[in-house]
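A structural walkthrough
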Amino acid sequence: MRTLRTQVVIVGAGPSGLLLSHLLSLRGIESIVVERRTREYVEQRVRAGLLEHGTVEVLREAGVADRLDREGLVHEGFQLRFDGGQHRLPFTELTGWTTCMYGQQEVVKDLIRAREAAGGAVHFGIDDVALFDVESDAPRARCTVQDEPAEIIGDFVAGCDGFHGVCRRSLPAGSFTAYEHAYPFAWLGILAEVPPSTEELIYAVHERGFALHSMRSPRISRLYLQVGPEEPLADWPDARIWAELRTRLAVDGREGLNEGPILSRGVTAMRSFVMEPMQWGRLFLAGDAAHIVPPSAAKGLNLAVADVRRLAAAFAAWYADGTMELLNRYSRDSLAAVWQGQEFSAVMTSLLHRFPSDGAYEVRLRRARLQELVTSRASATAFAENYVGLSRARLVAGGE
Ligand code: FAD
Ligand code: PHB
């Protein structure tokens with residue numbers, strides 16, 4: 001068996017693993033990244049698109065935001081439609097912070113290129129990772145690298161392998177507690193080759209269910225529909241998707257939606273999950289490996305980036321002078337931010353969606369909440385602070 005040595009073994013080359021590897025290399029710390037899928041697959045996987053201001057800043061500081069700064073679409077507000085009317089939530093006017101629309105797969109491409117340019121080790125197509133001795137000071141991952149069995153030994157292992165990864169599953173029973181919630185609906189998402197019909201995102205609350213008009217570029221639209229929890233994609237031919245989007249996104253009975261070829265489609269379950277703690281021995285989990293949120297508030301990637309930034313700083317402190325303080329605080333500090341993200345994602349999910357159990361009473365309560373949001377500056381400001389990530393920045397600053 002071949003033995004490879006490094007400082008941090010990173011499992012998963014999604015945004016969390018790649019960014020961690022890059023932030024570590026900027027501080028002179030070596031890592032080896034092992035990823036189950038091929039490079040082509042991770043570069044094409046369509047997912048998040050809304051980057052908070054703080055996330056953009058981290059990518060800029062890491063020197064991987066040149067293309068993002070050129071191509072990302074900066075937003076200062078969103079549209080909220082309900083009861084056939086339209087309202088604007090001017091989040092930048094309320095908070096001073098903007099958001100940026102830039103596809104997650106573009107962030108992944110930029111990070112892979114940066115790792116490549118720096119000579120970083122990222123191994124794709126490795127589907128047999130198993131972890132050993134994570135409680136010792138020589139934790140290791142065994143897997144097949146270039147058709148040869150290998151053991152990768154590091155000082156630490158970072159589990160950045162997403163919700164379905166192997167790292168969380170390697171922990172002994174009883175070493176962590178999982179908190180979970182499943183919603184009784186899902187999102188059907190499409191990426192379409194058509195200029196967005198709107199400059200700002202549109203969140204539409206409708207009696208037939210929620211719809212979202214988002215975008216990735218001036219030529220590519222991203223749209224979502226609330227659907228049943230186990231909805232078969234086969235039940236949604238293109239014409240039905242567009243008809244449903246037109247109906248749910250109409251204002252004052254008027255429909256106006258650009259339509260074009262659908263490039264990709266998928267159904268995303270709406271659920272929440274948090275594991276506590278996010279560390280076991282020398283294994284540290286980050287991003288979706290440790291927690292997921294329903295996509296309503298677009299927090300998943302942003303929380304993942306916040307974890308990784310904290311973890312990189314904690315490893316750097318340990319390598320600089322052996323201090324454990326930041327590593328010991330990693331789980332606690334991350335979880336405070338994660339629960340804030342969970343809370344806002346739950347608020348936004350219940351504000352926007354039609355629940356199967358809703359009666360006339362719940363529908364009226366939701367209408368009253370929406371009215372409050374568009375008529376009270378105080379409510380809109382509190383909402384906007386969460387939406388743009390300012391609340392999390394304050395929480396982090398308060399904890400330091
Ligand atoms: P992942 O992206 O899941 O990456 C994990 C990586 O590990 C993958 O490449 C996987 O192949 C690899 N892996 C898994 N198992 C193994 C193994 N055994 N060995 C080696 N490698 C392994 N978030 C936002 O912030 N804003 C949004 O607008 C937003 N919209 C979303 C829309 C949708 C439809 C969905 C599904 C998600 C959305 N999210 C959004 C959430 C966001 O996409 C995730 O939070 C983000 O991908 C987390 O990154 P990660 O690197 O932690 O995990
Ligand atoms: C997206 O573009 O994928 C997106 C945008 C805003 C959200 C959720 C998802 O609230």
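First, a word on what this report is: a plain description of the structure on this page.

1. So, the state of the cysteines
Applying the stated criterion across every chain yields a total of 0 disulfides. Unpaired in terms of disulfides, C160 finds its nearest cysteine sulfur in C167, a separation of 7.8 Å. With relative accessibility at 7%, the residue C160 sits in the buried group.

2. Structural notes on the site of ligand 2
For ligand 2, the set of nearby residues contains 14 residues, the closest of which are Y203, S214, R216, Y224 and S296. Between R216 and ligand 2, the recorded distance is 2.7 Å, taken from a side-chain N or O atom to an oxygen atom. Here an oxygen atom of ligand 2 and a side-chain polar atom of Y224 are 2.6 Å apart. Its free accessible area being 280 Å², ligand 2 has 97% of it covered by the protein chains. The element best represented in the shell around ligand 2 is strand β16 (residues 211–217), accounting for 3 residues. Its residues placed into classes, the shell around ligand 2 shows 10 nonpolar, 3 polar and 1 charged.

3. Quick look at the packing of helix α3 (residues 53–61) against helix α8 (residues 300–321)
Packed helix pairs are characterised by how far apart their axes lie and by the angle those axes make with each other. Running from N to C, α3 and α8 cross one another at 45°; their axes reach a closest spacing of 9 Å. Considering their axes alone, α3 and α8 lie oblique with respect to each other. α3 and α8 meet at a crossing whose hand is left-handed. When α3 is examined against α8, the residues T55, V58 and E61 are found in contact with a partner set consisting of N302, V305 and R309. Split into classes, the residues belonging to the contact of α3 with α8 amount to 2 nonpolar, 2 polar and 2 charged.

4. Section: unusual backbone geometry
Glycine aside, negative phi is the norm for most residues, and most peptide bonds take the trans geometry. Cis geometry is adopted by the peptide bond preceding P277, which originates at E276 and carries an omega value of -5°. The topology assignment puts P277 in the loop between β18 (262–276) and β19 (279–280). Although it is not a glycine, D83 adopts a positive phi angle of roughly 50°. Examined against the element boundaries, D83 turns out to sit in the loop between β6 (78–82) and β7 (85–89). Here Q146, not a glycine, exhibits a phi torsion of approximately 50°, which is positive. Within the element layout of this structure, Q146 appears in the loop between β11 (140–145) and β12 (148–153).

Quick notes on the rules
- Residues numbered from 1 in each chain as written.
- Chains lettered and ligands numbered in written order.
- Predicted model: local features only at pLDDT ≥ 70, side-chain atom pairs only at ≥ 80, totals over all residues.
- Heavy atoms only, no water.
- Disulfide = S-S within 2.5 Å.
- Buried < 20%, exposed > 50% of the residue type's maximum accessible area, 1.4 Å probe, protein only.
- Near = heavy atom within 4 Å.
- Polar contact = N/O pair within 3.5 Å; in protein donor to acceptor, adjacent residues only side chain to side chain.
- Areas by Shrake-Rupley, 256 points an atom, 1.4 Å probe, with all protein chains shown as cover.
- Helix = DSSP H or I, 4+ residues; strand = E, 2+ residues; numbered from the N terminus.
- Nonpolar A, V, L, I, M, F, W, Y, C, P; charged D, E, K, R; others polar.
- Axes fitted to C-alpha atoms, helices over the stretch in contact; angles between N-to-C directions.
- Parallel < 35°, antiparallel > 145°, perpendicular 65-115°, else oblique.
- Left-handed = near helix turned anticlockwise from the far one by under 90°.
- Contact = heavy atoms within 4.5 Å.

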